[in-house]
Amino acid sequence: MGRLGGASFMLHNYFKIAFRNLLRYKFISFINLFGLTVGLTCCLLILTYILNELSFDIQNKNANNIYRVERTFKNPETGMLSLELGAVAPPFAPLLQNDFKEIKKITRFLDGGGSALRYDDKIFNEQNVYFADENLFDVFDVNVTRGNPSNALNEPYCIMLAEEVSKKYFGTQDPINKIIRLDNQFNFKVTGIYKPFPSNAHIHPAIMLSFNTLKDTAIYGEQNLRTNWGNNSFYTYLLLPPGYDPKKLEAQFPAFLNRHMTDNGGGQFKPSDWTSLSLRKLTDIHLYSHKDSEIEENGDIKRVYIFSAIALFILLIACINYMNLSTARSALRAKEIGVRKVIGAGKPELIAQFLSESILICFIATVLAFLLTWLTLPALNKISEQSLSVNDLLKWHIVLPLVLVPFVVGILSGIYPALFLSSFKPIKVLKGIFKVGDSNFSFRKVLVVTQFSISIILIISTAIVFQQLKYMQNKSLGFNREHIVNLSYNSGLNNSYESFKTELLANPNIKEVGRSTRIPSGRLLDANGSKINIGDSLAPTKADIKFVRADEGFVPTYGIKIAAGRNFSKEYGMDTSSFLVNEAAVKVLGLKSNEDAIGKQFTYGNRAGLLIGVINDFHFESLHQRILPIVLFTSATPDGYRRISIKISANNVPAALSHIENTWKKFLPETPYDYSFLDERFADLYQAEQQQGSIFTIFSFIAIFIACLGLFGLSAFTITQRIKEIGIRKVLGASVSSIVALLSKDFMKLVIIASIIAFPIAWYVMHNWLQDFAYRITIPWLVFIIAGIAAALIALVTISVQAIKAGVANPVKSLRSE
């Protein structure tokens, strides 16, 4: 008890003295406390983002045992991957369940796209509509608030609604067994209501339709569910036993494919030669999966690494401030240390005393950082368009490490000053002959160089991020994206589309109208095998050619130029056996020129015909992808199209939109009118990069600010130590400008050294970052010079505040004590 009491008294004494020193050296204490608080706040904000990104789908109790089935296509001759999908064809699920007894359950989602729902006089266009099978609740955790999950999706034409969707149609009424009409064609019975899927789920169905509805031939057809191997739109999830190694199952997939699928090359290749299946853990989908077809846009583990690095950089800069300022004020505490040593204090006691000061500051900074995080998190959510919550930091497995933060950061930032200060020789200190050694200043210089190296790297990185974003926004896409209105194609137009189009074009504000399966806006395209007649016979191509079904209005609506041949035309019937290819396709098909392609026999998938035209290359997908070979062909049936594109006049946009809406309501009175502009969709393409750039900039400026704060304090103490020298120089006739130059010179040398270190590191980091873009800027050398000059100017302004103050001071005051 005596030892414990003594230790307790000693700790109490340490922290009591530490608190007194905080109050005694207010200027340094403020800079240290402010820098650490801001640094820790940034770290906590970034930590909430990282925790959210890492938490996707873990709310499912079986999360560690759920795997998504993914499919890959490749050229069997070259082995080159042509398509990577996060979804598979419908026959796979029942066959996998039948062949592999280790699979406990299988469930599927099918994206139903947008649908119009009606109940009484309430009618809305709904997104996030999915077909879901009856096993859903055996695999995923869904909070069903009304209805019985064990049978809610068993029968055809059953529908389950998220709570907010239910309130929109039914208000406070009981929705169970109510009939809701879908697309003015099908009646569905409401069998359940559920809480919305959490924000950290990779899928968010607002409406779920029973999967068995697809067996109706009016919807999809039971035969297609059993035999259609080409429709890879079914997101399929397996529940495996706990601890089961999924690689054991994957090893059996090639034999499984060969057992159930037919070959794709006249007996030359086995199915496993051109397609394969793999498994991805549910909790890995959000950060690690970037397939050609994802159920929703995913995050990126690289982004997590980038922001983790920024958080560590900011904290490191704040810790360096503490080290620098603590050692810089060593002369002020030298006599205190000397007296303590004379009266018996040993080095361990002095180290403990100085560490207690740093831990106390870090503890106060941590408390303030939590408060600032709570206050600033809404602003970060607004910028990032996420739903981050400070509650993520309050979970026990996060709180326990955070409790250690003041001790860890306090020890890391305080250990060097503690060792340095405790090494003073008491005799020299008390005789007044103590001088801070050059080694101390050398180490402080290393710390300043480190700070400014990080700051310059962040300045360069921020500049390059925004240059790349500007480049993507301004790059010519090969078509005109301005003033194009997009509508979802509705099957109600199957028999009246030509009349609908004629009515639209009757208005002078409507220039062109076209239909297609996809529109240029970044969505990755599907591909098929192809054959072309170059010599005397059709030979398979080794090319990966994407496809779009489009009518004769698509090319003129988007202003795509014809490089050779002609466009689809009604003068040639429906051109049902004709193809258009882009210039990239001409090259991979081995044709001599665009003109050489015209009239060639061409087979794509199971469709055969002639190449009638070559169009200029254009960016159908995001600038993250290169322009790929594309083939266009018309749909055999009207419902083969999904989108309507309308080119409108720039002179009277409101009148054009009004005419489109009136025409829509005339032909489709039971379907809500909803439209979007193509240029807005393209802006959304790079929204993640824009948000990343904005957040990156904010944290970069904070890091630079903290570095300048430390430099401000360090320069103040350096100048204080030279105050008599400055007084003598002024008496001898030195000007204010020469004194400012003298005091700034040493710090500017450090900034130059920091620039030399930062430039190659920044180039390497940003060069690797740009590799994610198929079309990217060349890193300009000018950005490095500007960043170096900017860092020098920032440092100069920071130092000059103190230097000018010293330069204009009355020299009599500084020399009076001599």
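Every chain's residues receive numbers from 1 upward, in the order its sequence appears when written. The predicted origin of the model limits local features to residues at a pLDDT of at least 70 and limits the giving and counting of side-chain atom pairs to 80 or more, whereas totals for whole chains, interfaces and linings rest on all residues. Hydrogens are left out, water is left out, and the side-chain values use all remaining heavy atoms of the structure.

Draft legend 1. Structural context of the packing of aromatic side chains. Paired rings are identified among Phe, Tyr and Trp, the last through its six-membered ring, by centres lying within 6.5 Å, and are further divided according to the angle between planes into stacked (under 30 degrees), edge-to-face (over 60) and tilted (the rest). Under the definition given, this model contains 38 aromatic pairs. Ring centres 5.6 Å apart and planes at 25° place the aromatic pair F30 and F34 in the stacked group. With F30 and F34 both in helix α2 (residues 26-54) and 4 residues apart, the pair spans about one turn of that helix. Remark: exposure states derive from per-residue accessible area (1.4 Å probe, protein chains only) relative to the maximum for the residue type, with buried under 20%, exposed over 50%, and partly exposed in between. Here F30 falls in the exposed class, since its relative accessible area comes to 52%. Seen in terms of ring centroids, F109 and F140 are 6.0 Å apart; in terms of plane orientation they differ by 55°. Their pairing is tilted. Of this pair, F109 sits in strand β3 (residues 105-119) while F140 sits in the loop between α4 (136-139) and β5 (144-147), placing them 31 residues apart in sequence. Among the aromatic residues, those joined into a ring-pair cluster are Y489, Y497, F500, W664, F667, Y673, Y675 and F677. For a ring to carry a charge above it, either NZ of a lysine or CZ of an arginine must fall within 6 Å of the ring centroid while also lying within 35 degrees of the normal to the ring plane. The ring of Y497 has R515 lying over it, and the distance from NZ or CZ to the ring centre is 3.7 Å. Taking NZ or CZ as reference, R626 lies 5.7 Å from the ring centre of Y775, over its face. Strands are runs of DSSP state E lasting at least 2 residues, helices are runs of H or I lasting at least 4, and numbering of each runs from the N terminus.

Draft legend 2. Geometry of a nonpolar patch on the surface. Patch membership requires over 30% relative accessible area and the absence of a salt bridge. Like charges are linked within 9 Å, and nonpolar side chains (Val, Leu, Ile, Met, Phe, Trp, Tyr) within 5 Å. Under the convention used here, a 1.4 Å probe and the Shrake-Rupley method define accessible areas, while residue burial counts only the protein chains that appear. Criterion for a salt bridge: a side-chain nitrogen of Lys or Arg within 4 Å of a carboxyl oxygen of Asp or Glu. The grouping of L404, F407, V408, I411, L412, I415 and L419 at the surface amounts to a nonpolar patch, some 610 Å² of accessible area in total. Note on placement: L419 falls in helix α15 (residues 405-421). A residue is classified by how much of its surface remains accessible, and L419, at 39% relative accessible area, is partly exposed.

Draft legend 3. Fine view of the sheet that holds strand β24 (residues 676-677). Any two strands are treated as partners once DSSP identifies two or more bridges connecting them. One open sheet holds the 4 strands; their spatial order is β13-β23-β12-β24, and the pairing between them is antiparallel. The open sheet has two edge strands with one neighbour each: β13 (510-516) and β24. Bridging between strand β12 (residues 484-488) and β24 involves 2 bridges; their strand directions are antiparallel. Following the sheet pairing, N486 is matched in β24 by S676. By definition in these notes, contact holds between two residues if any of their heavy atoms fall within 4.5 Å. Structural elements are reduced to axes, namely lines fitted to C-alpha atoms, with helices fitted over the stretch in contact, and the angle between N-to-C directions of any two is expressed from 0 to 180 degrees. Its contacts with the sheet place helix α22 (residues 653-667) against β12, β13, β23 (643-648) and β24, and it is angled at close to 20° to β12.

Draft legend 4. The arrangement of unusual backbone geometry in detail. You will see that N177, though not glycine, has its phi angle at about 70°, which is positive. Position of N177 among the secondary structure elements: in the loop between α5 (163-170) and β7 (179-182). Of note in this structure, H483 is not a glycine but carries a positive phi near 55°. Tracing the chain through its elements places H483 in the loop between α17 (438-474) and β12.

Draft legend 5. Helix α8 (residues 253-260), seen in detail. Buried residues of α8: F253, F256 and L257, and no others. Axial view of α8: buried residues confined to an arc of 100°, hence all on one face. The secondary structure elements touched by the buried residues of α8 are α3 (92-99), α7 (246-250), α9 (271-274) and β11 (275-281). The directions considered for the arc run from the helix axis to the C-beta atoms.

Draft legend 6. Local environment of the pattern of salt bridges. One pass over the structure, following the stated rule, counts 22 salt bridges. A salt bridge links E163 to K195, with the shortest nitrogen-to-oxygen separation between them at 3.5 Å. Here K195 lies in the loop between β8 (186-194) and β9 (207-210) and E163 lies in helix α5, a separation of 32 residues in the sequence. The salt bridge partner of E498 is K570, with a shortest N-O separation of 2.5 Å. Remark: K570 occurs in the loop between β18 (562-565) and β19 (578-582) and E498 occurs in helix α18 (residues 497-505); sequence separation between them is 72 residues.

Draft legend 7. The arrangement of the side chain of S676 in detail. Looking at the element boundaries, S676 is found in strand β24. On the basis of relative accessible area, S676 is assigned to the buried category, the value being 18%. Apart from residues no more than four positions distant in its own chain, S676 is found in contact with I484, V485, N486, R643 and R681.

Draft legend 8. Region of the structure containing α22. One less than the residue count of a helix, multiplied by 1.5 Å, gives the span that helix is expected to have. For α22, spanning 15 residues, the distance from its first C-alpha to its last is 21 Å, which sits close to the expected 21 Å at 1.5 Å a residue. Taken as a whole, α22 has its buried residues at A656, L657, H659, I660, T663 and W664. Within α22, the buried residues cover an arc of 160° as seen down the axis, which keeps them to one side. Looking at α22, the residues exposed on the side facing more than 90 degrees away from the buried face are P654 and K666. With a side-chain oxygen lying 3.2 Å from the backbone nitrogen of A655, the N-terminal cap of α22 falls on N652. For the purposes of these results, a polar contact is taken to be a pair of N or O atoms within 3.5 Å, where, inside protein, one atom must be able to donate a hydrogen and its partner to accept one; residues adjacent in sequence count only when each atom of the pair is a side-chain atom.

Draft legend 9. Quick look at the environment of I50. Considering the arrangement of structural elements, one finds I50 in helix α2. Assessed through its relative accessible area of 12%, I50 is described here as buried. In this structure the C-alpha to C-alpha distance between I50 and R303, which are 253 residues apart in sequence, comes to 9.2 Å. The contact partners of I50, leaving out residues within four places of it in the chain, are V304 and S308.

Draft legend 10. Up close: the state of the cysteines. Any two cysteine sulfur atoms within 2.5 Å of one another count as a disulfide. With the rule as written, the count across this model stands at 0 disulfides. Free cysteine C362: the closest other cysteine sulfur is in C319, separated by 6.5 Å.

Draft legend 11. View of the confidence of the model for the chain. Put simply, the chain has an average pLDDT of 83, and 85% of its residues get 70 or more. Known as pLDDT, the predictor's per-residue confidence is scaled from 0 to 100. Predicted confidence for residues 437-441 stays below pLDDT 50, and this span has 5 contacts to residues more than four positions away or in other chains.

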